[in-house]
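This is what each chain is made of:
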Amino acid sequence: MSNIGQRVLNKAFGTVDTHQSPVSVTTQPRWQSGTSMKALVWHGKRDVRVETHEIPDLTDPEDALVRVTCTTVCGSDLHLYNGEAFELKSGDILGHESAGIVEKVGPEVTGVRVGDRVVVTAVIACGKCKWCKQGLTSACSETNTSSAMEKLYGTTFSGIFGYGHITGGYPGGQAEFVRVPFANTNCSKLPDNVPDEKGLYLSDIVVTSHHAAVEADIQVGEIVGVWGLGPIGALVCQWAKIMGAGRILAIDNVPHRLELVASKYGAETINFNETKDVVGAIKKLVGPDGIDKGIDATGFRYTKTIGQTLQRAVGAATDSSDVVNEIILATRKFGRIALIADFLGYTNNFNLGGMMEKGIRLIGCSQNPGHRYADQCLKHIQDGSFDPLDVVSHRFRFEQIADVYKRFNQKQGGIEKVFLETRFAAPRAAGPALQEDVWADL
């Protein structure tokens, strides 16, 4: 288990029994003896490697085996890379975003056939439990075995590909093959007019950013603030524009991110390295009431005060409340704040009084129930009203993925969202040109 995860679990509960709770699916596949594929494997903090691994096999009757043509690296993968997520084990295959060709299906798979081109959802849902039937697939009760999560949060939520054993321990899609449980629910066919370069991102960032905008309840004419302009935050700005937001305020400290959302979506930007009083700057722009809706796309790692930095460093808190507190101060009375970034455990110095007295609705978005939005988001991509390629900065070969993690973590070279093509990739469509050297000046 990673250091920060171990600290919070031990602090809250003492030694946690991390046995697997029973669910209706096998979380670990059988492996095909004598076969080989390339996969990105986690071995410890900032230690990920492309290794040769056996190919997974069908294990349950509703499984599909997908030959991965493309994958990517998510900002949330950096939590694992930096050893800050829960219950990682050396040898875990990472990655929750992939697309490819169906290679094999189990006897109960009816939604896809061998040869279909599909995107694999990041969240693993059964499609049958009471949560899935409500469209709340990220709350699926049948795909996660983690008793540690039950201790920490009072329940479990869905499994996730390649995201540690607190989300089921499923081998991920940063590999040349991935086994997909409940394939009728978790594989979506891609139409011919949507290339992999766009369809891949329906696995996570397109539907996740849409989910954030929906949970924030963005209305026509409203003032929306977005904190954190990585791929999710930038695409939230795109959805806010589509939904008719009157003004979009975007807060970050990376110049090319600020330039992107300003040029593409007309956002008014604030660089918090240059503007220390972000709340004051916002109210100067929009008036004393503040923004109508705020969205946090930064996450638990990002501190702005010495106090929060020290508390995280010594294990007194896992999560920083600095950005959430800033959003509370910037949001109007009876406004709404949506948390789409990852938060893991506990925080201190949270402005609970400000949230209560201002009547602010603070919404935890959960992991994305992307299944409910996939068709709608796909239509926006097909008609050209939404373009995930706005945030796709680079194309690399899959074999370069370990270096991509390192450079992405260092925020170097302008890397934002990448497109990683495997040896099975389709002929290249629109998108960034292939970069042969991850470390070249880009």
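Residues numbered from 1 in each chain as written. Predicted model: local features only at pLDDT ≥ 70, side-chain atom pairs only at ≥ 80, totals over all residues. Heavy atoms only, no water.

This paragraph deals with helix α10 (residues 278-286). Of the residues making up α10, those classed as buried are V278, V279, A281, I282 and V286. Seen along its axis, α10 keeps its buried residues to an arc of 160°; they face one direction. Residues of α10 that are buried in the fold lie against β11 (223-227), β12 (247-252), β13 (268-271), β14 (291-296) and α12 (322-330). G287, located one to two residues past α10, shows a positive phi value of around 105°. (Buried < 20%, exposed > 50% of the residue type's maximum accessible area, 1.4 Å probe, protein only. Helix = DSSP H or I, 4+ residues; strand = E, 2+ residues; numbered from the N terminus. Arc of directions from axis to C-beta. Contact = heavy atoms within 4.5 Å.)

Right, let's get into the packing of aromatic side chains. By the definition in use, this model includes three aromatic pairs. Ring geometry for Y81 versus Y405: centroids 5.5 Å apart, planes at 40°, classification tilted. Taken as a pair, Y81 in helix α2 (residues 77-81) and Y405 in helix α15 (residues 401-409) lie far apart in primary sequence, 324 residues in all. Taken as a pair, Y81 and Y405 share a single burial class, namely buried. Where F177 meets F424, the ring centres are 5.5 Å apart and the plane angle is 65°; that geometry is what we call edge-to-face. A residue pair is termed long-range when its members are at least 10 positions apart, and F177 in strand β9 (residues 177-180) and F424 in the segment after β18 (417-421) qualify at 247 residues. Residue placement shows R67 over the ring face of F424; its charged tip is 5.7 Å from the ring centre. (Phe/Tyr/Trp six-rings, centres within 6.5 Å; stacked < 30°, edge-to-face > 60°. Lys NZ or Arg CZ within 6 Å of the ring centre and 35° of its normal.)

Glancing now at the environment of S188. As for its position among the elements, S188 is in strand β10 (residues 187-189). Considered as a pair, S188 and A330 are 142 residues apart in the sequence and their alpha carbons are 39 Å apart. Those residues within four positions of S188 in sequence are excluded, and the remaining contacts are R117, V118 and V119.

Our next topic: the side chain of R407. One can find R407 in helix α15. A distance of 2.8 Å separates a polar side-chain atom of R407 from the backbone oxygen of V438. With sequence-adjacent residues up to four places away left out, R407 is seen in contact with Q412, G413, I415, V438, W439 and A440. (Polar contact = N/O pair within 3.5 Å; in protein donor to acceptor, adjacent residues only side chain to side chain.)

A few words on the nonpolar core. Counting 46 residues, the largest nonpolar core has L202, V206, I218, C237, V261 and I295 as the members making the most contacts within it. Looking at this core, the element that brings in the most residues is helix α8 (residues 231-242), giving seven residues. Those residues within four positions of V261 in sequence are excluded, and the remaining contacts are L229, A234, C237, A250, G266, A267 and T269. A85, F300, V418 and L420 belong to the second-largest nonpolar core, a separate cluster that totals 29 residues. (Core = buried A, V, L, I, M, F, W, Y, C linked by side-chain atoms within 4.5 Å.)

Further remarks concern the sheet that holds strand β4 (residues 92-93). If you trace the three strands from one edge of the open sheet to the other, you get β2-β1-β4, paired in antiparallel fashion. Both outer strands of the open sheet, β2 (47-56) and β4, are each paired with one neighbouring strand and no more. Pairing between strand β1 (residues 31-44) and β2: nine bridges, direction antiparallel. Bridge pairing in β2 places V41 opposite R49. (Pairing = 2+ DSSP bridges.)

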